[in-house]
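So you can see what is in the structure, the chains are spelled out below.
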Amino acid sequence: MGHPYNIEVELTQNSQLEKVDFNNLKFGQILSDHMLVADYDDGEWKEVKIVPYGNISLSPATSALHYGQAIFEGIKAYKFEDDRVSIFRPDKNFERFNKSALRLEMPAVPKEIFIDGLKKLIDIDRNFVPNTAGASLYIRPYMFATEAALGVHPSKSYKFVIITGPVGAYYNKPLRVKVETFYTRAAAGGVGFSKNAGNYALALYPTKLAQDEGFDQLIWTDAKEHKYVEEAGTANLVFMLGDTLVTPGSDTVLQGVTRHSIMDIANSWGIKTETRDVSVKELIDGIETGQVSEAFAAGTAATLTPISEIGFEGKVYKLSDPETRTFSNRVVNYLNDLRYGKIEDPFGWNFIV
Ligand code: COI
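Residues numbered from 1 in each chain as written. Predicted model: local features only at pLDDT ≥ 70, side-chain atom pairs only at ≥ 80, totals over all residues.

## Some thoughts on the overall build of the protein
Part 1: The helix and strand inventory of the protein stands at 7 helices and 17 strands.
Part 2: With the C-alpha coordinates aligned to their principal axes, the bounding extent of the protein is approximately 60 × 55 × 40 Å.
Part 3: Per-residue burial over the protein gives 40% buried out of 353 residues.
Part 4: Contacts in the protein between residues far apart in sequence, at least 24 positions, make up 70% of those at least 6 positions apart. (Helix = DSSP H or I, 4+ residues; strand = E, 2+ residues; numbered from the N terminus. Buried ≥ 20, exposed ≤ 12 C-beta atoms within 10 Å, placed from the backbone. Contact = placed C-beta atoms within 7 Å.)

## Let's talk about the UniProt feature "modified residue: N6-(pyridoxal phosphate)lysine" (unreviewed entry) in the protein
Part 1: Mapped onto this structure's residue numbering, the UniProt feature "modified residue: N6-(pyridoxal phosphate)lysine" (unreviewed entry) falls at Lys195.
Part 2: In this structure, lysine 195 sits in the loop between β9 (175-179) and α4 (197-212).
Part 3: Since 24 C-beta atoms lie within 10 Å of it, lysine 195 is described here as buried.
Part 4: Every residue in contact with lysine 195, bar those within four places of it in the chain, is listed here: Ile71, Phe72, Glu73, Arg96, Ser100 and Leu254. (UniProt positions renumbered as here; feature names shortened; annotations may be inferred.)

## Considering the environment of serine 279
Part 1: Locating serine 279 in the fold gives a position in the loop between β13 (272-275) and α6 (280-289).
Part 2: For serine 279, a count of 16 C-beta atoms within 10 Å corresponds to the partly exposed category.
Part 3: Those residues in contact with serine 279 that lie beyond four places of it in its chain are Lys227 and Tyr228.

## Quick look at the site of the ligand
Part 1: Around the ligand, the surrounding shell consists of Gly74, Thr234, Gly299, Thr300, Ala301 and Ala302.
Part 2: Class assignment of the residues belonging to the shell around the ligand gives a composition of 2 nonpolar, 4 polar and no charged. (Near = placed C-beta within 6 Å. Nonpolar A, V, L, I, M, F, W, Y, C, P; charged D, E, K, R; others polar.)

## Some details on the domain arrangement of the protein
It is common to report an interface's size as the accessible area lost on association of the parts.
Part 1: Assigned domains of the protein: these are domain 1 (8-169) and domain 2 (175-340).
Part 2: Inter-centroid distance (C-alpha atoms) of domain 1 to domain 2 is 27 Å.
Part 3: At the level of elements, β4 (70-72), β5 (75-79), β6 (85-88) and α2 (90-103) are the ones that each hand at least two residues to the side of domain 1 that touches domain 2.
Part 4: No other element matches the 6 residues that α2 contributes to the side of domain 1 that touches domain 2.
Part 5: Partitioning the side of domain 1 that touches domain 2 into residue classes produces 10 nonpolar, 5 polar and 7 charged. (Domains from an automatic or database assignment.)

## Structural notes on the nonpolar core
Part 1: The biggest cluster of nonpolar side chains holds 79 residues, and the ones touching the most others in it are Ile219, Phe239 and Ala297.
Part 2: Ranked by residue count, the leading element in this core is strand β7 (residues 136-145), at 6 residues.
Part 3: Taken domain by domain, this core gets at least three of its residues from each of domain 1 (8-169) and domain 2 (175-340).
Part 4: Ignoring any residue separated from it by four or fewer positions in sequence, one finds isoleucine 219 in contact with Val177, Lys178, Val179, Glu180, Val229, Ala232, Leu237 and Ile310. (Core = buried A, V, L, I, M, F, W, Y, C linked by C-beta atoms within 7 Å.)

## Some thoughts on unusual backbone geometry
Part 1: Not every positive phi belongs to a glycine, and histidine 226 is a case in point at roughly 55°.
Part 2: Relative to the elements of secondary structure, histidine 226 occurs in the loop between β10 (217-219) and β11 (236-241).
Part 3: One non-glycine residue, glutamate 313, adopts positive backbone phi at about 45°.
Part 4: Secondary-structure assignment places glutamate 313 in the loop between β15 (303-312) and β16 (315-318).

## A short note on the pairing of strand β12 (residues 244-247)
Part 1: Alignment of β11 against β12, held across 3 bridges, turns out to be antiparallel. Across the sheet, the residue bridging to methionine 240 is leucine 245, located in β12.
Part 2: Here β11 hands over to β12 after 2 residues, with glycine 242 in that stretch at a positive phi of 65°.
Part 3: In this sheet, β13 lies alongside β12 in parallel orientation, the contact comprising 4 bridges. Each residue of the ladder has a partner; that of leucine 245, found in β13, is threonine 273.
Part 4: Handedness of the crossover joining β12 and β13 through helix α5 (residues 257-268): right-handed. (Pairing = 2+ DSSP bridges. Right-handed = clockwise from strand over helix to strand, strands pointing away.)

Here it is, written out as structure tokens:
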């Protein structure tokens, strides 16, 4: 049997590759030459195409723009020293994407489009995958409702798109984060676990207020009491509490692939791990008593970014010097070696294109 989706390819006549300064990459400013676009209508995925990167024309009544049926993912691809390209755990993002789709009453995207389409796209734009230290190709799959209608109902049509671009670090210094005890990111029974556009929009204003006070990011807390730590909005949170690596576990938190990988690596090294509620009190007391020896943000874009200071109720609590953190530094080096193909991949996480 042939592939159920025929992925048509139209190559660009106007490559931007020559203009890319691979030694000076920021995050999310450069886009590769091609994108994958698939359209859903009448209950099925129809056209799937890889075309030159370019604008998409939309009706002003496009329902995603009004009612927010819009979800996305973040994945990275790395270049090995022998020039092979590897995508890191796209199967996990594929699973999470369809969980987000279900929650927002959007159609599932088939594996043959998400994974096979992604492989084909990365193969075509493989020269955009950087081979410079710390750099990677960021992959952004997303889907949004395209029906031109102003009634509130699930859209009848959708567009699935994958764009990519070479990136450097998302954060280039340790983070100063503030515990948010007034605004809420997600409540039980809501959409906190899903990667929908609205979760990012609602964070912008409270984050801006914290940035005005000199912080980089927020630590979101639970909606009911603001007593339990959740996530940073742009990444998950992980703490070394005593001899145990701990990450908040509620379903109001995005189930991050990077954090999951870090917990798995820690387990394989014989380090105890726990996914459980962490109260703000446990965290702050732990910093004061030295029980919390390490804290970091973990995400695809953020990779592992150390947290250097935590603000809570007008006070700032300083953590250990990131340079001296045994686990964080060990796991960053290990993850980098694995993703750049410098060591064996005992977990089967590298997806070679
Ligand atoms: C990612 O880590 O891939 C995300 O989507 C988070 C975003 C803040 C860039």
